[in-house]
Amino acid sequence: MRLMLIMIRFSSMNSRYHTFISCRRSLLDQRLEGMRPQLVGSILDIGGRRVGRRGAFSPQLSDAVRWVVVNPDPESSPDFIAALPDLPFQDGQFDIVICTEVLEYIENTQDAINELHRVLKPNGLAVVSVPFMNRLHGDYEFDFYRYTGSFLNMAFSRVFKTTSVYPMGDLRSVIFDLIWARLRCYRYLRPIFRILGVWIVSTSKDSVYDCTGFFVIARKASHYHC
């Protein structure tokens, strides 16, 4: 039994090694994987990609009644070319809205959050991720914000019934990602850094003070009938 557990653990580590992009991406994939049982019904994936997906998480499209991808980049092969805060949908169309690594690009954050709320059905769920202690993205001229957990809790709570904000990672993952971004171009260093990165993710102690970013789960209120 112990040998079997070791083999399972090794297999998991090996898989994470080959799909490793950064500590931040791995931590986000873990959070999304934890949400998998809830990703059912009609789902809106804002900023998602049908072509060129990043990370290890792959949604089970068969579990969804409808999975709609929205992205302003036509090369991502979205179902709709659009962006927050102006989505081409009527009120209350979706059970779940997924919006990962998008809000930092939107000039008015509260408008974007309000739009997530608008397109959700009553009791619908918003699943959101944003960076905190994380380097600027490659398209840095459009990368406007870094968010604290307290700001996210305040902004989402203005319109959502319940809001849960989870930090992703600790100081080690923050420092690793900053160094890794600079050194990944050296091929001979990649195997060592990937092993180190997988280990950091597997032993991470999430810290609200110095994390790579935050993962938000917010639920829209139900309609009550008298």
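Scroll up to find the structure.
Description of the structure in this document. In this text the structure is predicted, and so the values were computed from the model without any measurement.

**Remarks on unusual backbone geometry**
Thinking step 1. With an omega of 5°, the peptide bond running from Leu84 to Pro85 counts as cis.
Thinking step 2. Inspection of the secondary structure puts Pro85 in the loop between strand S2 (64–70) and strand S3 (94–100).
Thinking step 3. A positive phi angle, close to 70°, is found at Asn123, a residue other than glycine.
Thinking step 4. Here Asn123 shows up in strand S4 (residues 120–131).

**A word on the nonpolar core**
Thinking step 1. With 32 residues, the main nonpolar core has Leu44, Ile46, Leu84, Leu103, Leu116, Val128 and Phe156 as its most contacted residues.
Thinking step 2. If we ignore the near neighbours within four places in the chain, the residues touching Phe156 are Leu103, Ile113, Leu116, Val128, Thr163, Val216 and Ala218.

**A short note on the side chain of Asp143**
Thinking step 1. In this fold, Asp143 is placed in the loop between S4 and helix H4 (149–157).
Thinking step 2. Within polar-contact distance, the side chain of Asp143 engages the side chain of Arg146 at 2.7 Å.
Thinking step 3. The residues contacting Asp143, other than those within four sequence positions of it, are Glu104, Tyr105, Arg135, Leu136 and His137.

**Considerations on the layout of surface pockets**
Thinking step 1. Taken as a whole, the largest pocket spans an internal volume of roughly 1,200 Å³.
Thinking step 2. Residue lining of the largest pocket: 40 residues in total, with Arg54, Thr100, Glu101, Tyr105 and His137 positioned closest to the centre.
Thinking step 3. The leading source of residues in the lining of the largest pocket is helix H2 (residues 23–35), at four residues.
Thinking step 4. Tallied by class, the residues present in the lining of the largest pocket amount to 19 nonpolar, eight polar and 13 charged.

Conventions we followed
- Residues numbered from 1 in each chain as written.
- Predicted model: local features only at pLDDT ≥ 70, side-chain atom pairs only at ≥ 80, totals over all residues.
- Heavy atoms only, no water.
- Helix = DSSP H or I, 4+ residues; strand = E, 2+ residues; numbered from the N terminus.
- Core = buried A, V, L, I, M, F, W, Y, C linked by side-chain atoms within 4.5 Å.
- Buried < 20%, exposed > 50% of the residue type's maximum accessible area, 1.4 Å probe, protein only.
- Contact = heavy atoms within 4.5 Å.
- Polar contact = N/O pair within 3.5 Å; in protein donor to acceptor, adjacent residues only side chain to side chain.
- 1 Å grid on protein atoms, 1.4 Å probe; cavity = no way out; pocket = protein on both sides within 12 Å on 5 of 7 lines; lining within 4 Å.
- Points joined across faces, edges and corners; volume = space filled by probe spheres on them.
- Nonpolar A, V, L, I, M, F, W, Y, C, P; charged D, E, K, R; others polar.

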